Amino acid sequence: MNPAIAVTGLRKSFGPKVVLDALDLTVPEGTVFALLGPNGAGKTTTVDILSTLTPADGGEVRIAGHDLHRDPAAVRSAIALTGQFSAVDTLLTGRENLRLMSDLNHLGRKEGQRRADDLLERFDLVEAADKVPAMYSGGMRRRLDLAMGLMADPRVVFLDEPTTGLDPRSRRAMWDIVRGLVADGGTILLTTQYLEEADQLADRIGVLDAGRLVAEGTADELKRMVPGSHVRLEFAGPEPLRRAAHALGIAPADEGSLALEVPGDGSVAALKSLLARLDDAGVDVAGLTVHTPDLDDVFLALTGRPTPAEVTA
Ligand SMILES: Nc1ncnc2c1ncn2[C@@H]1O[C@H](COP(=O)(O)OP(=O)(O)OP(=O)(O)O)[C@@H](O)[C@H]1O
Ligand SMILES: [Mg+2]
């Protein structure tokens, strides 16, 4: 099966400033890819190029099977984009904004109305439908913005920082919407500065720093890439502890505790071999926990900076 998004060697500079430096990216259909990175990393630039708003300087891009360079119109008809800055027309009501999208997409009156009603319902905007967005909260505007993009029933949805500035409840509502889109078979590329968001939503995560992907993988794979992973073993008494410490050649974590911390990546293979060594030494393990660093640790390790959320907090 062709990936929904396939990017190779994507380049973009603004004047002398290199913003994207040979970016490669593949997103299989029906999955969520999160592009994670600090301010200025190139997230919006990437989304703008993939959604035909900004021309690239070089590289190959295919979206839903269409070549971005040769057939931008086909790409446009397959995608929706919800930007970091909203496209909502503030003079029109919510429902009128959706009708505008229906007209732009030539949906026809009946079909347009049906889809608008469905989206207003799904995005909890029924009561707000006939008010102008000036009376909406930030979260409601984001939801309307996304609903507008979904009027055309896109295969691929780009979300540029969909939850920045939203309160935890609105953020969760947006996460539910994203999960619903994927359940319906959609493919999503989202950008975020929130590690938790990437952790919650994404099948795969790319860490973008200064125009390059410095890491890519599942949340668990990324967490295993940074030092600090260990397996904590607990024992029922000092005797098995002593024998385990001897067998593994490490000292107990702290004086008086019945635990050992074994550095390792926490993978199944590493656990198997660890347990086999203990088994060979005839040691019973009372408890075992795998500790992996969280994505904040990953971000710090990969970019050399704390996460943006920490900087602004
Ligand atoms: N139109 C433009 N002209 C000149 N420079 C630009 C333009 N658009 C973006 N840049 C520069 O490109 C770099 C990447 O910007 P981009 O908006 O893609 O970052 P971002 O990862 O989306 O950041 P943020 O988290 O702040 O949204 C920045 O240094 C920015 O100043
Ligand atoms: Mg941006």
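Everything below is about the structure printed above this text.
About the cut-offs
Residues numbered from 1 in each chain as written. Chains lettered and ligands numbered in written order. Predicted model: local features only at pLDDT ≥ 70, side-chain atom pairs only at ≥ 80, totals over all residues. Heavy atoms only, no water. Salt bridge = Lys/Arg side-chain N within 4 Å of Asp/Glu carboxyl O. Helix = DSSP H or I, 4+ residues; strand = E, 2+ residues; numbered from the N terminus. Expected span 1.5 Å × (residues − 1). Buried < 20%, exposed > 50% of the residue type's maximum accessible area, 1.4 Å probe, protein only. Arc of directions from axis to C-beta. Near = heavy atom within 4 Å. Polar contact = N/O pair within 3.5 Å; in protein donor to acceptor, adjacent residues only side chain to side chain. Areas by Shrake-Rupley, 256 points an atom, 1.4 Å probe, with all protein chains shown as cover. Nonpolar A, V, L, I, M, F, W, Y, C, P; charged D, E, K, R; others polar. Core = buried A, V, L, I, M, F, W, Y, C linked by side-chain atoms within 4.5 Å. Contact = heavy atoms within 4.5 Å.

A. Layout of the pattern of salt bridges. A complete count under the given rule lists 17 salt bridges for this structure. Its salt-bridge partner being Arg11, residue Asp21 comes within 3.4 Å of it at the nearest N-O pair. Pair noted here: Asp21 is in strand E2 (residues 17-27) and Arg11 is in strand E1 (residues 5-14), with a separation of ten residues, a long-range link. Residue Arg204 is joined to Glu221 by a salt bridge in which the shortest nitrogen-to-oxygen separation is 4.0 Å. In this pair, Arg204 sits in strand E9 (residues 204-209) while Glu221 sits in helix H8 (residues 219-225), placing the two residues 17 residues apart along the sequence.

B. Region of interest: helix H4 (residues 109-122). The end-to-end C-alpha distance of H4 is 20 Å, a good match for the 20 Å that 14 residues give at a rise of 1.5 Å each. Within H4, the full set of buried residues consists of Gly112, Arg115, Ala116, Leu119 and Leu120. Buried residues of H4, viewed axially, fall in a sector of 135°; they line one side. For H4, the exposed residues set more than 90 degrees away from the buried face come down to Lys110 and Glu121.

C. Up close: the site of ligand 1. The full set close to ligand 1 counts 14 residues, and Lys17, Gly40, Lys43, Thr44 and Thr45 are the nearest of them. The backbone of Gly40 places a nitrogen or oxygen atom 2.8 Å from an oxygen atom of ligand 1. One of the side-chain nitrogen or oxygen atoms of Thr44 is found 2.8 Å away from an oxygen atom of ligand 1. Protein chains shield 62% of the accessible area of ligand 1, which is 640 Å² for the free molecule. Elements with a minimum of two residues in the shell around ligand 1: E2 and helix H1 (43-50). Considering every element that reaches the shell around ligand 1, the biggest residue donor is H1, with three residues. A per-class count over the shell around ligand 1 returns four nonpolar, seven polar and three charged.

D. How the structure looks around unusual backbone geometry. Even without glycine at this site, Asp124 takes up a positive phi of about 60°. Summarising the element assignment, Asp124 is placed in the loop between H4 and helix H5 (138-150). For Ala210, which is not a glycine, the phi torsion comes out positive at approximately 50°.

E. Quick look at the nonpolar core. Grouped together as the largest cluster of nonpolar side chains are 45 residues, with contacts concentrated most on Val32, Leu98, Phe123, Leu146, Ile188 and Ile205. In terms of residue count, helix H6 (residues 168-183) provides more of this core than any other element does, six residues in total. Filtering out sequence-adjacent residues up to four positions away, Ile205 remains in contact with Phe33, Ala34, Leu36, Ala198, Asp199, Ala215, Glu216, Gly217, Ala219, Leu222 and Leu295. Grouped together as the second largest cluster of nonpolar side chains are 24 residues, Leu10, Ile49, Leu68 and Val75 included.

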